[in-house]
Amino acid sequence: MQRALLASLLLLGVSACGYRPDPEDLVKVVDSPADVRVCQRLGEVSPVVPTTPGFGSAFDGMKEAVVALGGTHLYLQQTSRDWSLVRGIAYRCGTRGTVTRQTVIRAKG
């Protein structure tokens, strides 16, 4: 009985670790140009679209396009004062997928 309980708990624990998010879920959405100022611009992923009901499908399309371009961030650029119109722009931020070189400085003494 204890072995069966232990085995089921072990399987439950292992299955909880098996979640793998969709690539679109890993895209970070930002609304300030300061958030992507040091990032590489990959291109526009949508024309100017309204943020009215139905915006969800356009938003999902923007995130899919960011992933297709190899981006990490979706910048929603405000094109109207009240955020009723936005444009999506893909950016690649950080060092994911790039080789970095580190410099070590040693103090004499």
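For the structure, see preceding data.
Student: Could you clarify how one ought to interpret the state of the cysteines in this entry?
Tutor: All told, the structure shown has one disulfide when counted by the stated rule. Disulfide partner of C39: C93, at an S-S distance of 1.9 Å. Measuring handedness by torsion sign, the sulfur bridge of C39 and C93 sits at about 110° and is right-handed. Of this pair, C39 sits in the loop between β1 (28–30) and β2 (40–44) while C93 sits in the segment after β5 (85–92), placing them 54 residues apart in sequence. Judged by relative accessible area, C39 falls into the buried class, the value being 16%.

Student: How should I be thinking about unusual backbone geometry in this particular structure?
Tutor: Glycine aside, residues mostly have negative phi, and peptide bonds are mostly found in the trans state. You will see that W83, though not glycine, has its phi angle at about 60°, which is positive. If you trace the backbone, W83 turns up in the loop between β4 (73–78) and β5. Under the relative-accessibility criterion, W83 is labelled partly exposed at 31%.

Student: How do you make sense of helix α2 (residues 55–68) when you look at a structure like this?
Tutor: Here α2 spans 20 Å end to end across 14 residues, near enough to the 20 Å set by a 1.5 Å rise per residue. What α2 keeps buried is the set F55, F59, M62, K63 and V66. One face of α2 carries all of its buried residues, which in axial projection span an arc of 95°. Turned more than 90 degrees off the buried face of α2, the exposed positions are S57 and A68.

Student: How do you make sense of the pattern of salt bridges when you look at a structure like this?
Tutor: Where charged atoms from two side chains of opposite charge come close, those side chains can pair. Within the structure shown, the criterion is met by two salt bridges. In this structure, the salt-bridge partner of R41 is E44, at a minimum N-O distance of 3.7 Å. Residue classification places R41 among the partly exposed positions, given a relative accessible area of 46%. You can call E44 partly exposed: its relative accessible area is 47%. A salt bridge links E44 to R87, with the shortest nitrogen-to-oxygen separation between them at 4.0 Å. Of this pair, E44 sits in strand β2 while R87 is found in strand β5, placing the two residues 43 residues apart along the sequence. Through salt bridges with shared partners, a single network forms among R41, E44 and R87.

What counts, and at which threshold
Residues numbered from 1 in each chain as written. Predicted model: local features only at pLDDT ≥ 70, side-chain atom pairs only at ≥ 80, totals over all residues. Heavy atoms only, no water. Disulfide = S-S within 2.5 Å. Helix = DSSP H or I, 4+ residues; strand = E, 2+ residues; numbered from the N terminus. Buried < 20%, exposed > 50% of the residue type's maximum accessible area, 1.4 Å probe, protein only. Expected span 1.5 Å × (residues − 1). Arc of directions from axis to C-beta. Salt bridge = Lys/Arg side-chain N within 4 Å of Asp/Glu carboxyl O.

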